[in-house]
Amino acid sequence: GPVPGRSGEVPRVRRTTGSLPPAERPGAGKAINASVAAMEPVLDRRRTALEERAGEEALKARLDVTFPATPAATGSIHPIRRIVQDVCEYFEHHGFAVVLGNEIEPDYYTFDALNIPPDHPAREGFDSFWIDDHLLLRPHTSPIQVRTMKLHPAPIAIVAPGRCFRRDAVDARHLFQFHQIEGLLVDEGVHFGHLKGMLTGLCRALFGPAQRVRFRPSFFPFTEPSAEVDTTCPRCKGEAAACGMCGGSGWIELGGAGMVHPNVLREAGYDSEKLSGWAFGFGAERLALARYEVDDIRRFIDSDRDFLEQLGTLS
Ligand code: PHE
């Protein structure tokens, strides 16, 4: 009910009843009580309405419904996955098929069929994890070349991404488990220029339109001639002498490539007189290090959410 006051209108009127003739006082008192009783519910309703309005205003002051909501943690594509997707997309666009292989391979597909006989010193370079005398965790994606050629007649145009394993000591540039992306084109009349054109296009798709590729003479038993492939350092654009990413050389190494060795074509059942092909094998982590300008390869497997979210928002 209303708080009784002494200075209000009702007490003032009540006091005036004292000056009335005694016979009129009870009637006046009743009339005053009746009008107070009639006013009380009206006052109550008004007070409640005012209190509700004040409450809403106080709430509005605290609650900004236009404030952006906390985004839901939806996750993001891992940078290595993103690289693999982009490389595959580039080659698919040019008519290549994406092929996957096995993470455990016999030595035959890993080495012998790739022109690396049992006692060839090139086997040592792969520092493999052996499971038994003949099975190993694949140290490169090149066995997929052999499996694809044995399954399908030429022409072959494939790109083959996958996890690889080597007994490497872990540091800022090496992991014992990493990813490669293999490419293989076999047909009549395929030459080195096709390889250079496709890899230049790949680097431009991944890093930007000014990108160039450089071939340095190298050796792989399964290609002849063989090359190490470099691309323009995406950080210094090949300019800076003091670039921390390329060590001032202006180039970043992506992996190996070359023309498929005739022995490999023959072992796969192909006519090496009629057919020729090129192949390459790039490190996905190397592409990611260069593209995202990351300083340490271990960051890709640290499961650091801040790092992954930051790269996940980049294209
Ligand atoms: N398989 C090679 C490696 O892992 C890379 C490569 C692939 C080289 C295809 C030439 C052709 O080092």
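Look above for the structure.
The rules behind these values
Residues numbered from 1 in each chain as written. Predicted model: local features only at pLDDT ≥ 70, side-chain atom pairs only at ≥ 80, totals over all residues. Heavy atoms only, no water. 1 Å grid on protein atoms, 1.4 Å probe; cavity = no way out; pocket = protein on both sides within 12 Å on 5 of 7 lines; lining within 4 Å. Points joined across faces, edges and corners; volume = space filled by probe spheres on them. Nonpolar A, V, L, I, M, F, W, Y, C, P; charged D, E, K, R; others polar. Helix = DSSP H or I, 4+ residues; strand = E, 2+ residues; numbered from the N terminus. Near = heavy atom within 4 Å. Polar contact = N/O pair within 3.5 Å; in protein donor to acceptor, adjacent residues only side chain to side chain. Sits in = over half its atoms within 2 Å of the grid points. Patch = residues over 30% accessible without salt bridge, like charges linked within 9 Å, V, L, I, M, F, W, Y side chains within 5 Å. Areas by Shrake-Rupley, 256 points an atom, 1.4 Å probe, with all protein chains shown as cover. Salt bridge = Lys/Arg side-chain N within 4 Å of Asp/Glu carboxyl O. Lys, Arg positive; Asp, Glu negative; His and termini not counted. Charge placed at Lys NZ, Arg CZ, Asp CG, Glu CD. Buried < 20%, exposed > 50% of the residue type's maximum accessible area, 1.4 Å probe, protein only. Core = buried A, V, L, I, M, F, W, Y, C linked by side-chain atoms within 4.5 Å. Contact = heavy atoms within 4.5 Å. Pairing = 2+ DSSP bridges. Phe/Tyr/Trp six-rings, centres within 6.5 Å; stacked < 30°, edge-to-face > 60°.

S.K.: A description of the layout of surface pockets should follow, citing residues and the corresponding values.
M.R.: Roughly 720 Å³ of internal volume is contained in the largest pocket. What lines the largest pocket is a set of 33 residues, and nearest its centre among them are Arg 166, Gln 180, Phe 220, Gly 255 and Arg 286. Taken together, the residues of the lining of the largest pocket sort by class into 14 nonpolar, 11 polar and 8 charged. By volume, the second largest pocket amounts to about 460 Å³. Elements with a minimum of two residues in the lining of the second largest pocket: α3 (79-93), β4 (156-165) and β5 (177-187). In terms of residues, the lining of the second largest pocket owes the most to one element, α3, which gives 4 residues.

S.K.: Break down the site of the ligand for me, citing the residues and quoting the values.
M.R.: Inspection of the region around the ligand gives 14 residues, with His 140, Ser 142, Arg 166, Gln 180 and Gly 281 positioned closest. Within the side chain of His 140, one N or O atom sits 2.9 Å away from a nitrogen atom of the ligand. Gln 180 is positioned such that a nitrogen or oxygen atom in its side chain is 2.9 Å from an oxygen atom of the ligand. The pocket occupied by the ligand, as judged from atoms lying within 2 Å of grid points, is the largest pocket. For the shell around the ligand, the secondary structure elements donating two or more residues are β5, β8 (251-260) and β9 (276-283). With 3 residues, the top contributor of residues to the shell around the ligand is β9.

S.K.: Which residues make up a negative patch on the surface, and what values go with them?
M.R.: Residues Glu 51, Glu 52, Glu 56 and Glu 57 make up a contiguous surface patch of negative charge. By relative accessible area, which is 53% here, Glu 52 ends up exposed.

S.K.: Could you give an account of the nonpolar core, naming the residues involved and the relevant values?
M.R.: In this structure, Val 87, Phe 91, Trp 278, Leu 287 and Phe 300 are the most contacted members of the largest nonpolar core, which totals 45 residues. Elements with a contribution of two residues or more to this core: α3, β5, α6 (192-207), β8, β9, α8 (284-292) and α9 (305-312). Contacts of Phe 91, omitting those with residues within four sequence positions, involve Phe 96, Val 159, Met 198, Leu 202, Trp 278 and Phe 280. Among the nonpolar cores identified, the runner-up in size contains 24 residues, and Ile 116, Met 149, Val 264 and Leu 275 belong to it.

S.K.: Go over the sheet that holds β5 with me, naming the residues and quoting the values.
M.R.: Adjacent strands of a sheet pair through backbone hydrogen bonds, lying either parallel or antiparallel. Here we have 7 strands laid out as an open sheet, ordered β1-β4-β5-β9-β8-β7-β6, and mixed in their pairing. Pairing within the sheet leaves two strands with one partner each, and these edge strands are β1 (97-98) and β6 (213-220). Strand direction decides the pairing type here: strand β7 (residues 223-232) and β8, joined by 8 bridges, are antiparallel. In the sheet register, Thr 231 faces β8, and the bridge partner there is Ile 252.

S.K.: Describe the packing of aromatic side chains, naming the residues involved and giving the relevant values.
M.R.: The tally for this structure, following the rule as stated, stands at 12 aromatic pairs. Aromatic side chains Phe 96 and Trp 278 sit 6.0 Å apart centroid to centroid with 25° between the ring planes, which places their arrangement in the stacked category. Note that Phe 96 is positioned in the loop between α3 and β1 and Trp 278 in strand β9, a separation of 182 residues in sequence. Under the relative-accessibility criterion, Phe 96 is labelled buried at 7%. Overall, Trp 278 belongs to the buried group, its relative accessible area being 0%.

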